[in-house]
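Structure at a glance
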Amino acid sequence: MTANGDKRLDRLFAAARGAAPDTSRVEEGFEARAAARAREARRRGEGGLFGVWAWRLVPLFAGLVITVGVWTAATVPGSVLDMGTEMAAAWDAAELADSLGGGG
Amino acid sequence: MAGPEPDSSSEERLIAAVLEGDDGAFAALVARHKRRVLRIAARFSRTPQEIEELGQEIFLKAYLDLRQYRGEAPFAHWLSRIAVRSCYDALRKRRREIGTLPLDDTALYLADDPADDRDQAEAARALLSRALPRLRPAERLVITLLELEERTVREVAALTGWSGVNVKVRAFRARRALKRILEEADDGKRG
């Protein structure tokens, strides 16, 4: 079967080569459509310096943000605000101003 | 198959103009190479819409990567490599949807002494259009380029980026798989 199979395949390929794909319908006006698509891609910035590098730089920026965050938390004491303390202080200040002003 | 090479000096001018943002130059470049590219795309597509889609994708990739073209090889070769790789990517994406077309209603035999070569060619094309999607994408790519496009192993290796040995191995496996597919279809018809 192998020799027969090979012969059959060779005959099949030889015959199929006689039917070159017909692309005439697609060829009509194809270059105009391709140019329009290229123009659109350029307008959107695809392939430009920014378009090419922006996505590649995302991990770098993410890493940078994390590093700065960790460094800030580790080296700047009190950088994380205690919202409760801040609100209490604001309340006290308002009350003091109120009492000094004679309101009440 | 490839046709005459376009004049390289005018092609260089066109490429330079495209890089300057001249859309007309890009359209002219596409017009020069569209037939070659669309015929490659057509070998791996089922409908004119798929040919159009794949062809557009190939030229868009070429447009976006044009700055990487160094002029060391003819532009047509550089473009063909993009075309072949795009077709390979498209085959891999489409594999699931087209892998199960039935062979039952296709004429499986080609007459020994065909009365009409055109009918014979059409029958062979129809049969292959159903049998080839059953191959793995890499096997289909290699067998199409070698047997239907009549490219050499060396050319296929250059187009795909695979080694010559790899191309030969894949071609061998593709033929073996195709023979099995046709045999199974024969058995199905008998049974």
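Just so you know, these numbers come straight off a predicted model, no measurement behind them.

Secondary structure assignment for chain A yields five helices and zero strands. Secondary structure of chain A in N-to-C order comes out as α-α-α-α-α. For chain A, buried positions account for 16% of its 104 residues. A total accessible area of about 7800 Å² is found for chain A, and carbon and sulfur atoms account for 66% of it.

With that settled, the discussion passes to the overall build of chain B. Each helix and strand in chain B was counted, giving eight helices and zero strands. Overall, chain B shows an N-to-C arrangement of helices and strands of α-α-α-α-α-α-α-α. Classification of the 191 residues of chain B by burial places 50% in the buried group. A fraction of 65% describes how many contacts in chain B between residues 6 or more apart in sequence connect residues 24 or more apart. When the accessible surface of chain B is totalled, it reaches about 10100 Å², and 47% of it is carbon and sulfur.

The subject of this paragraph is the layout of surface pockets. Approximately 650 Å³ is the volume attributed to the largest pocket. Lining the largest pocket are 28 residues; nearest its centre among them are Pro21 of chain A together with Ala42, Ser45, Arg46 and Arg125 of chain B. Going through the elements one at a time, helix 2 (24-27) of chain A together with helix 2 (23-43), helix 3 (48-64), helix 5 (117-131) and helix 6 (137-148) of chain B are the ones with two or more residues in the lining of the largest pocket. Considering each element in turn, the lining of the largest pocket owes the most residues, six residues, to helix 5 of chain B. By residue class, the composition of the lining of the largest pocket is 13 nonpolar, six polar and nine charged.

Glancing now at the environment of glycine 84 of chain A. Topologically, glycine 84 of chain A is positioned in helix 5 (residues 83-100). In this structure glycine 84 of chain A comes out as partly exposed when scored by relative accessible area, which is 44%.

So, about the packing of aromatic side chains. Residues and elements named next belong to chain B. Scanning the model with the defined rule gives six aromatic pairs over all chains in all. Ring geometry for tyrosine 69 and phenylalanine 75: centres 5.4 Å apart, planes at 80°, overall edge-to-face. Considered together, tyrosine 69 and phenylalanine 75 belong to a single accessibility category, that of buried residues. Each member of the aromatic cluster is reached from another via a ring pair, and the members are Tyr69, Phe75 and Trp78. Lying over the aromatic face of tryptophan 162, arginine 170 brings its terminal NZ or CZ to 4.1 Å of the ring centre.

Residue and element names in this part refer to chain B. Phi angles above zero are rare outside glycine, and glutamate 150 is one such case at about 55°. With respect to the element layout, glutamate 150 can be found in the loop between helix 6 and helix 7 (153-160). Exposure remark for glutamate 150: the relative accessible area of 56% places this residue in the exposed category.

Core analysis: the biggest nonpolar cluster contains 49 residues, and Phe26, Ile58 and Phe75 of chain B have the highest contact counts within it. Elements represented by at least two residues in this core include exactly helix 3 (30-43) of chain A together with helix 1 (8-19), helix 2, helix 3, helix 4 (75-98), helix 6, helix 7 and helix 8 (164-190) of chain B. Apart from residues lying up to four places away in sequence, phenylalanine 75 of chain B is in contact with Glu11, Ile15, Leu29, His33, Leu66 and Tyr69 of chain B.

This paragraph deals with helix 6 of chain B. Residue and element names in this part refer to chain B. Compared with the 16 Å implied by 1.5 Å per residue over 12 residues, the 15 Å span of helix 6 between its first and last C-alpha is a close match. In terms of residue burial, helix 6 counts as a mostly covered element, since 12 of its 12 residues are buried. Residues of helix 6 that are buried: Pro137, Ala138, Glu139, Arg140, Leu141, Val142, Ile143, Thr144, Leu145, Leu146, Glu147 and Leu148. Directly beyond the C-terminal end of helix 6, a positive phi value near 55° is found at glutamate 150.

Right, let's get into a nonpolar patch on the surface. On the surface, a nonpolar cluster with roughly 470 Å² of combined accessible area is contributed by Leu57, Leu60, Phe61, Leu64 and Val68 of chain A. Mapped onto the elements of the fold, leucine 60 of chain A is located in helix 4 (residues 49-75).

Attention now moves to the interface of chain B and chain A. In this complex, chain B contributes 45 residues to the contact, which on the side of chain A involves 32 residues. Of the roughly 3800 Å² buried at the junction of chain B and chain A (both faces included), carbon and sulfur atoms supply 62%. The largest per-residue losses of area from chain B upon contact with chain A belong to Gln56, Arg175 and Lys179 of chain B, which jointly make up 15% of the total buried on that side. Linking chain B with chain A are nine salt bridges. Among the salt bridges present, the one from aspartate 23 of chain B reaches arginine 42 of chain A, with a minimum N-O distance of 2.9 Å.

All names here are of chain B. Look at helix 6 against helix 7: their axes get within 10 Å of each other, and the N-to-C directions meet at 135°. In terms of orientation, helix 6 and helix 7 fall into the oblique class. Between helix 6 and helix 7 lies a crossing of right-handed hand. On helix 7, the residues that touch Leu141, Val142, Leu145 and Leu146 of helix 6 are Val153, Val156 and Thr160. Its residues assigned to classes, the contact of helix 6 with helix 7 shows six nonpolar, one polar and no charged.

Cut-offs and rules
- Residues numbered from 1 in each chain as written.
- Chains lettered and ligands numbered in written order.
- Predicted model: local features only at pLDDT ≥ 70, side-chain atom pairs only at ≥ 80, totals over all residues.
- Heavy atoms only, no water.
- Helix = DSSP H or I, 4+ residues; strand = E, 2+ residues; numbered from the N terminus.
- Buried < 20%, exposed > 50% of the residue type's maximum accessible area, 1.4 Å probe, protein only.
- Areas by Shrake-Rupley, 256 points an atom, 1.4 Å probe, with all protein chains shown as cover.
- Contact = heavy atoms within 4.5 Å.
- 1 Å grid on protein atoms, 1.4 Å probe; cavity = no way out; pocket = protein on both sides within 12 Å on 5 of 7 lines; lining within 4 Å.
- Points joined across faces, edges and corners; volume = space filled by probe spheres on them.
- Nonpolar A, V, L, I, M, F, W, Y, C, P; charged D, E, K, R; others polar.
- Phe/Tyr/Trp six-rings, centres within 6.5 Å; stacked < 30°, edge-to-face > 60°.
- Lys NZ or Arg CZ within 6 Å of the ring centre and 35° of its normal.
- Core = buried A, V, L, I, M, F, W, Y, C linked by side-chain atoms within 4.5 Å.
- Expected span 1.5 Å × (residues − 1).
- Patch = residues over 30% accessible without salt bridge, like charges linked within 9 Å, V, L, I, M, F, W, Y side chains within 5 Å.
- Salt bridge = Lys/Arg side-chain N within 4 Å of Asp/Glu carboxyl O.
- Buried area = accessible area lost by both parts, 1.4 Å probe.
- Axes fitted to C-alpha atoms, helices over the stretch in contact; angles between N-to-C directions.
- Parallel < 35°, antiparallel > 145°, perpendicular 65-115°, else oblique.
- Left-handed = near helix turned anticlockwise from the far one by under 90°.

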